[in-house]
Amino acid sequence: MKRIITLLLALAMILSLVACGTAAKGSDDLKVGVILVGDENVGYDSAHIAGIKTAAAAVGIADDQIIWKYNIEEDESCYDTATDLVEQGCTYIISDSYGHQSYMQQAASENPDVTFISMTGDAAALSGLANFKNAFNYTYESRYVSGVVAGMKLAEMVANGEVPATSIDADGNIKIGYVGAYPYAEVVSGYTGFYLGVKSIVPNVAMTVTYTNSWYDPTAEAEAANSLISQGCVITSQHADSTGAPSACEAALEAGTPIYCVGYNIDMLSVAPKAALTSAQNNWSVYYTYALGCAVKGEEIKTDWAAGYAEGAVQISALGESCAAGTAEKVDEVIAAIKDGSLKIFDTANYTVGGAPVTTYLAIDTDGDWVGDTGEAIVNGVFEESVLRSAPYFGIRIDGITELQ
Amino acid sequence: MSHIQTEPFVRITKRQDIKTAKAWLIRLISVVLALAVCGVVIYAMVKLNPIKVYAAMWKGAVGTPKRMLVTARDTVMLLCIGIGLAPAFKMRFWNIGAEGQILVGGIATAACMIYFGKTLPSWMLFAAMFVASMLAGALWSVVPAFFKARFKTNETLFTLMMNYVAIQLTSFFVAKWENPFGSNTVGIINQMTQAGWLPSLFGTQYMVNIILVLLLTVGMYVYLKYSKHGYEIAVVGESERTAKYVGINVQKVVVRTMSLSGAICGLAGFIAVAGSSHTISTSTAGGRGFTAIIVAWLAKFNTFVMILVSVLLVFLEKGAIQIASQFDLNDYASQMITGIILFFILGSEFFINYRLIFRHRKGGEAA
């Protein structure tokens, strides 16, 4: 009997060793190319780098199987880099910025044996290319939760009488601000999520959005934040990748102006220990573990992939010392409601356009005029974001938010 | 009687003439020295084997057929601009405005692709792009030329300022043609139809670019060396007074030559947009309008020598990218290597033009 058990154990060990061996062999000659718009110093890119490294370790891809290309502009150099990565033997190529997309698509059409993943892109499904993929997180969920954190702070400020009269507009709304990168759906979806989060705690808020026309421009972001502060905003958030705005807020707070901020991607506490409340973050490792796992196993990657809190793909960073009492509990409650589906962030009951609720919205543009012509996004009174495709398409400018151009 | 040493340790005198072979020997020595100094720097800074680093540069620039092709594509782009600048500089007209002339040429090309891409037949579209880019470039250079010829304005500043206008104009059109709306990039123009894309020739991408620029290389060489216009340019460059004395209409020559210079730079914009990037942005010129000044001067306006200089510069650039990627250095480390090599090559021109005479060891009795 003992002998049989020993034999079985030995057999099991050998089999598992063989299994490991074949798995490793399958991924040994796999090469992954990564095209990044910035480098590890930029919050957005460092989040992607961290995600890819975590995923590679999880699925058994070694460091020397990944070729990193930093600071690749959103122009023809992306195409050159992608074709060069193909030359170097990469069979999976990832780009992390939206503006890389059309160059990735071009390279994908010329190299049908290589899989191209354009992160945050929106053209994969329409391109009809089998080797061209998009993915995005439900970033609006973490934006909403970060808005709740800001709302809790705002409620505390109101209760303590810390909101100056100059920070309340003619309609009795408290002014908050947002530094956006570019005026298109990804940013609109994000700031609307943030605004609705704040509004869920403090109903009388009005938000001003200003654009920097750059994903990463510390100076312009700081200037934008300063201009919002001088207009009387008491909370700012951002869809831009530097620490420019939080640094400006910290300086203003030190100088005596009540101003708190919510960041994006990076934990802002190191540059704004008092002013920073939290940051909405993406955990890209969830997607990359899925995609690189498919690569190792030789399985097809989904054309569009999107996930949020339920899968752990989005999160907020550690709460700052200035956060209001009870914030952590409220955050947990909201996250739980998002996870179990009882809270629908873009429920049309939560916002209006021109005073009336929105009843219909076509999400997908197929004829190239930037106006959706197919795909009804509103189902049973809820705007379903990132369901028809992974990239956000909530482009509705709702009441209470003013865009400065 | 005590003797006072009057002769300095080293004297510099201008060489009257130098044999071509000797000049090239000096250049070769400078490259070897540059590589040696770089080797020391590489080892001191990052503890890498310099031989491996040089191998990586080679690999990055010409390691695969595709890379060779990309290197060739970027070389002819630089060469084209250098060819455009040559007549202007030979006339001692300081055209610092190539960058802007390329951009407006690129804008004109992109405009034709966007507005006529669906309607015009292919050959008419190419003709329109070709002509529009040259006209735009010529317009951009004729304005400073006119003011120089008429009012003696400073062309260095004027052409430089025209660059900034062109950059703003590009930003304006990028915002106008942005794709998708709000992204502030134009993306690839006519991605589906490929209308207005220079086709592959002999199954090779970028072949049209290469052939076009090689034709220009020969054409400009002949124009400068053997044509009456070329002679007038040389005379005006050497001395405006002489030119006037022999009856050359200096104003006319200046305006004519600058139109040509700008038109060729505009054509470079056409080659960049139609022949390789299929998009337009402020990086379409990407500083090449300035780099090409080095090309033109180092080659002393000989367009065939310009080929060599362009190859060298692009080779260094591609090599630097590969070094950065392969050894996980940041771009700055590899750019330092490029800088050192360029410094030595530019420095070699000094030793070609001047000769050092050292003091005789045994004494200065001659004085």
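Residues numbered from 1 in each chain as written. Chains lettered and ligands numbered in written order. Predicted model: local features only at pLDDT ≥ 70, side-chain atom pairs only at ≥ 80, totals over all residues.

## Side note on the overall build of chain A
Alright, step 1. From N to C terminus, chain A includes 11 helices and 17 strands.
Alright, step 2. In terms of overall dimensions, chain A is globule-like: its C-alpha atoms have a radius of gyration of 23 Å, near the 22 Å expected for 405 residues.
Alright, step 3. Reported as C-alpha extents along the three principal axes, the dimensions of chain A are approximately 80 × 60 × 45 Å.
Alright, step 4. Considering chain A as a whole, with its 405 residues, one finds that 54% of them fall into the buried category. (Helix = DSSP H or I, 4+ residues; strand = E, 2+ residues; numbered from the N terminus. Rg over C-alpha atoms; globule rule 2.2 N^0.38 Å. Buried ≥ 20, exposed ≤ 12 C-beta atoms within 10 Å, placed from the backbone.)

## Some remarks on the overall build of chain B
Alright, step 1. Check the secondary structure of chain B and you find 13 helices and two strands.
Alright, step 2. For the C-alpha atoms alone, the extent of chain B along its principal axes is close to 95 × 60 × 40 Å.
Alright, step 3. Considering only intrachain contacts with a sequence separation of at least 6, the fraction spanning at least 24 residues in chain B is 77%. (Contact = placed C-beta atoms within 7 Å.)

## Thoughts on helix α10 (residues 250–277) of chain B
Residues and elements named next belong to chain B.
Alright, step 1. Along its 28 residues, α10 runs 39 Å from first to last C-alpha, staying within 8% of the 40 Å computed at 1.5 Å per residue.
Alright, step 2. Along α10, 22 of the 28 residues are buried, which leaves the element largely enclosed by surrounding structure.
Alright, step 3. Phi turns positive one or two residues past the end of α10, at H278, with a value near 55°. (Expected span 1.5 Å × (residues − 1).)

## Observations concerning the confidence of the model for chain A
Alright, step 1. With 93% of its residues at a pLDDT of at least 70, chain A reaches an overall mean of 88.
Alright, step 2. Confidence over residues 16–25 of chain A falls short of pLDDT 50; this stretch has two contacts with residues more than four positions distant or in other chains. (pLDDT = per-residue confidence, 0-100.)

## Examining the domain arrangement of chain A
It is common to report an interface's size as the accessible area lost on association of the parts.
All names here are of chain A.
Alright, step 1. Domains assigned within chain A are domain 1 (28–136 + 285–296) and domain 2 (139–281 + 309–345 + 393–404).
Alright, step 2. One C-alpha centre belongs to domain 1, the other to domain 2; they are set 30 Å apart.
Alright, step 3. Looking at the side of domain 1 that touches domain 2, the elements that each hand over two or more residues are α2 (43–59) and α10 (285–297).
Alright, step 4. With three residues, the single largest contributor to the side of domain 1 that touches domain 2 is α2.
Alright, step 5. Its residues assigned to classes, the side of domain 1 that touches domain 2 comprises seven nonpolar, four polar and no charged. (Domains from an automatic or database assignment. Nonpolar A, V, L, I, M, F, W, Y, C, P; charged D, E, K, R; others polar.)

## Points about unusual backbone geometry
Alright, step 1. At T120 of chain A, a residue that is not glycine, the phi angle is positive and equals roughly 65°.
Alright, step 2. Its place among the elements puts T120 of chain A in the loop between β4 (115–119) and α5 (124–127).
Alright, step 3. Assessed through the 23 C-beta atoms surrounding it within 10 Å, T120 of chain A is described here as buried.
Alright, step 4. Positive phi, normally seen in glycine, also occurs at Y206 of chain B, with a value near 65°.
Alright, step 5. With respect to the helices and strands, Y206 of chain B occurs in the loop between α6 (155–176) and α7 (207–226).
Alright, step 6. We classify Y206 of chain B as buried; it has 20 C-beta atoms within 10 Å.

## Focus on the domain arrangement of chain B
Alright, step 1. Domain parsing of chain B yields domain 1 (1–48 + 327–367) and domain 2 (73–315).
Alright, step 2. A straight line from the C-alpha centre of domain 1 of chain B to that of domain 2 of chain B covers 34 Å.

## Notes on the environment of Y43 of chain B
Residues and elements named next belong to chain B.
Alright, step 1. Assignment of secondary structure puts Y43 in helix α1 (residues 20–46).
Alright, step 2. Note on Y43: 13 C-beta atoms within 10 Å, which makes it partly exposed.
Alright, step 3. Taking C-alpha positions, Y43 is 10.0 Å from V53, a pair spaced 10 residues apart along the chain.
Alright, step 4. Once residues within four sequence positions are removed from consideration, Y43 is found in contact with L48 and P50.

## Notes on the pairing of strand β6 (residues 174–180) of chain A
Both faces of the sheet carry side chains from a regular strand, because those side chains alternate between them.
All names here are of chain A.
Alright, step 1. β6 sits mainly inside the fold: seven of its seven residues count as buried.
Alright, step 2. Residues I174, I176, Y178 and G180 of β6 are buried on one face, and the alternating residues K175, G177 and V179, pointing to the opposite face, are buried as well.
Alright, step 3. One ladder, built from seven bridges, connects β6 with strand β7 (residues 205–211); its direction is parallel. The residue bridging I176 from the neighbouring strand is M207, located in β7.
Alright, step 4. Viewed along the sheet, the connection from β6 through helix α7 (residues 185–201) into β7 turns out right-handed.
Alright, step 5. Inspection of the sheet shows β6 paired to strand β8 (residues 235–239) by five bridges, in the parallel sense. Bridge pairing links Y178 to S237 in β8. (Pairing = 2+ DSSP bridges. Right-handed = clockwise from strand over helix to strand, strands pointing away.)

## So, the packing of helix α4 (residues 98–116) of chain B against α6 of chain B
Residues and elements named next belong to chain B.
Alright, step 1. Between α4 and α6, the shortest axis-to-axis distance is 8 Å and the interhelical angle comes to 30°. With respect to α6, the axis of α4 lies roughly parallel. The way α4 lies across α6 gives a crossing that is left-handed. Each of E99, G100, L103, V104 and I107 in α4 lies in contact with α6, whose residues at this interface are M162, N163, V165, A166, I167, L169, T170 and F173.
Alright, step 2. Looking at the contact of α4 with α6, its residues break down into nine nonpolar, three polar and one charged. (Axes fitted to C-alpha atoms, helices over the stretch in contact; angles between N-to-C directions. Parallel < 35°, antiparallel > 145°, perpendicular 65-115°, else oblique. Left-handed = near helix turned anticlockwise from the far one by under 90°.)

## Considering the packing of helix α3 (residues 76–87) of chain A against helix α3 (residues 65–90) of chain B
Alright, step 1. Interhelical geometry of α3 of chain A versus α3 of chain B gives an angle of 155° and a closest axis separation of 9 Å. With respect to each other, α3 of chain A and α3 of chain B are oriented roughly antiparallel. Of α3 of chain B, the residues touching α3 of chain A (which contributes D80, T83, D84 and E87 of chain A) are K66, R67 and V70 of chain B.
Alright, step 2. When the residues that make up the contact of α3 of chain A with α3 of chain B are grouped by side-chain class, the tally is one nonpolar, one polar and five charged.

## Quick notes on the sheet that holds strand β1 (residues 32–35) of chain A
Residue and element names in this part refer to chain A.
Alright, step 1. Strand order in the open sheet formed by six strands is β2-β1-β3-β4-β5-β11, with parallel pairing between adjacent strands. Each edge of the open sheet is held by one strand with a lone partner, namely β2 (66–69) and β11 (304–307). Ignoring which end each strand starts from, the neighbouring axes of this sheet average 15° apart.
Alright, step 2. Both strand β3 (residues 92–95) and β4 contribute to a ladder of four bridges, which runs parallel. Residue pairing in the sheet places I93 in a bridge with F116 of β4.
Alright, step 3. Contacts from helix α4 (residues 101–110) reach β3, β4 and β5 (132–137), with the element oriented near 170° to β4.
Alright, step 4. Lying on the sheet, α10 is in contact with β1, β3, β4, β5 and β11; it crosses β11 at an angle near 145°.

## Quick word on the interface of chain A and chain B
Alright, step 1. Counting from both sides, the interface comprises 22 residues of chain A and, opposite them, 20 residues of chain B.
Alright, step 2. Looking at the side of chain A that touches chain B, the elements that each hand over two or more residues are β2, α3 and α4 of chain A.
Alright, step 3. Examining the composition of the side of chain A that touches chain B, we find that five residues originate from one element, α3 of chain A, more than from any other.
Alright, step 4. Classifying every residue of the side of chain A that touches chain B by side-chain character gives seven nonpolar, seven polar and eight charged.

## Looking at the sheet that holds strand β17 (residues 401–404) of chain A
Residues and elements named next belong to chain A.
Alright, step 1. Pairing in this open sheet of seven strands is mixed, and the strands run β12-β10-β9-β8-β6-β7-β17 from one edge to the other. In the strand order of this sheet, the two ends are held by β12 (314–316) and β17, each with one partner. The average undirected angle you get between the axes of adjacent strands in this sheet is 20°.
Alright, step 2. Its contacts with the sheet place helix α6 (residues 139–159) against β6, β8, β9 (260–264), β10 (276–282) and β12, and it is angled at close to 170° to β10.

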